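Analysis of the macromolecular model
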Amino acid sequence: MSETFLNRLKNYLDERLKNEVLIVNGFKPFEIETRFLSGSRRKWEVFTQGWVTVGSIKEFLDGTVVVGSASLDRAGDGILEHLSVSYRRKLGQAEISKEEEKKAIEVVLRRQEEVCEDYLHRRNLEKHLKKPYWRTFVRLLWFDEVARRISEEYGVKVEAVVYEVTYDCGLESKFDGTNMDEDKKFEEIKKRVEALIAAYKLAYTVYQDYAPERYKECLEFAKAVLEKYGIKKRRLRL
């Protein structure tokens, strides 16, 4: 990919996303990376270390171009926090030895890995929706629903993706750029940037403080998901 193309892409992203920030002063200019460690499958990447709706565009050696959003949910951390609290309650105030504490931590971490794997593969939903971390799974299903809606509206495939190891969740839209000239590739990227901006904003309404006027829609979605599995919650808050 030519230097001209990458600079053009960086300038476009800087201009298009400078106001698409998620926190005050969250924008940082995009950077270009073309040098990677041995074994990397990337050819190039244009990314920002700021917090904006679209965080990176990269092309892999097989020609796949991926437009990716900022993180939506740090699910792995959230699940671990709930499991740790639950386990501490089971132990109560009893004093335990260092060896017992080590074993308890191992149990929690092993359980976290099991839950996160189910989260990654969207399986055993009924089981997990009954647990203290149920909101994490409802949010993931909402992100999947948003991806479906935006894909239909914008005519490009958007997916909610869960990254292994961290189990963070985000949004992606990818395409095969093999044999595309630079102008065609640029236009395909622009379409997906617009789709991801819309998808991220809609997905983020699951957090009440972000868009209170649309939060009710998320609650209705959550209620329908829980009712599907015969689960009732007294206080439905995501």
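What this report covers is the structure whose coordinates are included nearby. Counting of residues starts from 1 at the beginning of each chain's written sequence and follows it residue by residue. Given that the model is predicted, a residue must reach a pLDDT of at least 70 before its local features are reported, and side-chain atom pairs must reach 80 or more before they are shown or counted; all residues, however, enter totals for whole chains, interfaces and linings. With hydrogens and water set aside, each side-chain value is computed from the structure's full complement of heavy atoms.

Numbering of helices and strands runs from the N terminus; a helix is a DSSP stretch of H or I covering at least four residues, while a strand is a stretch of E covering at least two. Across its full length, the protein chain carries seven helices and seven strands. Taken from the N to the C terminus, the helices and strands of the protein chain come in the order α-β-β-β-β-β-α-α-α-α-β-β-α-α. Burial classes: relative accessible area under 20% of the type maximum marks a residue as buried, over 50% as exposed, and values in between as partly exposed (1.4 Å probe, protein chains only). A burial count over the protein chain gives 45% of its 238 residues as buried. In what follows, a contact means two residues having at least one pair of non-hydrogen atoms within 4.5 Å. In the protein chain, once contacts between residues fewer than 6 apart in sequence are set aside, the share between residues at least 24 apart is 56%. Carbon and sulfur atoms make up 47% of the accessible area of the protein chain, which amounts to about 13,700 Å² in all. This count recognises Lys and Arg as positive and Asp and Glu as negative, with His and chain-terminal groups excluded. Charged side chains are reduced to one point each, which is NZ for Lys, CZ for Arg, CG for Asp and CD for Glu. One finds the centroid of the 45 positive side-chain charges in the protein chain at a distance of 5 Å from the centroid of its 42 negative side-chain charges. Using the Shrake-Rupley algorithm and a 1.4 Å probe, accessible areas are obtained, with residue cover drawn only from the displayed protein chains.

Mapped onto the elements, Ser69 comes out in strand β4 (residues 64-69). Owing to a relative accessible area of 14%, Ser69 belongs among the buried residues under this scheme. We call two N or O atoms a polar contact when they sit within 3.5 Å, provided that within protein one can donate a hydrogen and the other can accept it, with sequence-adjacent residues counted only if both atoms are side-chain atoms. Separated by 2.9 Å, the side chain of Ser69 and the backbone nitrogen of Leu171 make a polar contact. Setting aside residues up to four positions removed in sequence, Ser69 forms contacts with Thr53, Val54, Gly55, Gly170, Leu171, Leu196 and Tyr200.

Residues spaced three or four apart along an α-helix point in a common direction, a consequence of the helix completing one turn every 3.6 residues. By definition here, a helix of n residues has an expected span of 1.5 Å times n minus one. Here helix α6 (residues 182-203) spans 31 Å end to end across 22 residues, near enough to the 32 Å set by a 1.5 Å rise per residue. Here α6 starts with a cap whose side-chain oxygen sits 3.2 Å from the backbone nitrogen of Asp183, and that cap is Asp181.

Bringing the packing of helix α5 (residues 134-154) against α6 into the picture now. Interaxial distance between α5 and α6 falls to 9 Å at its minimum, and their mutual angle equals 145°. Considering the relative orientation of α5 and α6, their crossing is right-handed. Taken together, the residues of α6 that come into contact with α5 (itself represented by Trp142, Phe143, Val146, Arg149, Ile150 and Tyr154) are Glu194, Ala195, Ala198, Ala199, Leu202 and Ala203. When the residues that make up the contact of α5 with α6 are grouped by side-chain class, the tally is ten nonpolar, no polar and two charged. Each axis is a line fitted through C-alpha atoms, and for a helix only the stretch in contact is used; angles between axes span 0 to 180 degrees, taken between their N-to-C directions. Put simply, a crossing is left-handed when the front helix is turned counterclockwise from the back one by less than a right angle, and right-handed when it is turned clockwise. Here the nonpolar group is Ala, Val, Leu, Ile, Met, Phe, Trp, Tyr, Cys and Pro; Asp, Glu, Lys and Arg are the charged ones; every other residue, Gly included, is treated as polar.

Right, let's talk about the nonpolar core for a bit. Here, the term nonpolar core denotes a set of buried Ala, Val, Leu, Ile, Met, Phe, Trp, Tyr and Cys residues that are joined through side-chain atoms within 4.5 Å. Leu9, Leu13, Ile57, Val158, Leu171, Ile189 and Leu238 are the most contacted members of the largest nonpolar core, which has 68 residues in total. No other element matches the eleven residues that α6 contributes to this core.

On to the packing of aromatic side chains, then. Each aromatic ring pair is characterised by the separation of its centres together with the angle its planes make. Paired rings are identified among Phe, Tyr and Trp, the last through its six-membered ring, by centres lying within 6.5 Å, and are further divided according to the angle between planes into stacked (under 30 degrees), edge-to-face (over 60) and tilted (the rest). Counted according to the given criterion, the structure contains nine aromatic pairs. Judged by centre distance (6.1 Å) and plane angle (85°), the rings of Phe5 and Phe186 are edge-to-face. Separated by 181 residues along the polypeptide, Phe5 in helix α1 (residues 3-17) and Phe186 in helix α6 bring together distant segments of the chain. Here Trp51 and Tyr204 contribute two aromatic rings whose centre-to-centre distance is 6.4 Å and whose plane-to-plane angle is 80°, an arrangement assigned as edge-to-face. Of this pair, Trp51 sits in the loop between β2 (42-47) and β3 (54-60) while Tyr204 sits in the loop between α6 and α7 (212-228), placing them 153 residues apart in sequence. Relative accessible area serves as the criterion here: at 29%, Trp51 is assigned to the partly exposed category.

Note on placement: Leu83 falls in helix α2 (residues 75-91). Considered as a pair, Leu83 and Leu61 are 22 residues apart in the sequence and their alpha carbons are 40 Å apart. Apart from the residues within four sequence positions on either side, Leu83 is in contact with Val108, Arg111, Gln112, Val115 and Tyr133.

Between its first and last C-alpha atoms α5 spans 30 Å; for 21 residues at 1.5 Å apiece the expected length is 30 Å, and the two agree. Gly155 sits one or two positions beyond α5 and adopts a positive phi of about 75°.

Turning our eyes to something else, we now look at the pairing of strand β7 (residues 168-176). Of all the nine residues making up β7, seven are buried; the element is thus mostly covered by neighbouring parts of the structure. Two strands qualify as a pair provided DSSP detects at least 2 bridges between them. Of the pairings in the sheet, the one linking β4 to β7 comprises five bridges and is antiparallel in character. Bridge pairing in β7 links Val65 to Phe175. Here strand β5 (residues 73-74) runs beside β7; their pairing, made up of two bridges, is antiparallel. Bridging from a neighbouring strand, Arg74 pairs with Asp168 of β7. Sheet topology note: the strand β6 (residues 159-162)/β7 ladder contains four bridges and is antiparallel. In the strand pairing of β7, Val161 is matched with Gly170. Taking the residues that link successive antiparallel strands as the turn, the β6-β7 hairpin has five residues, and the phi of Val165 there is positive, at about 80°.

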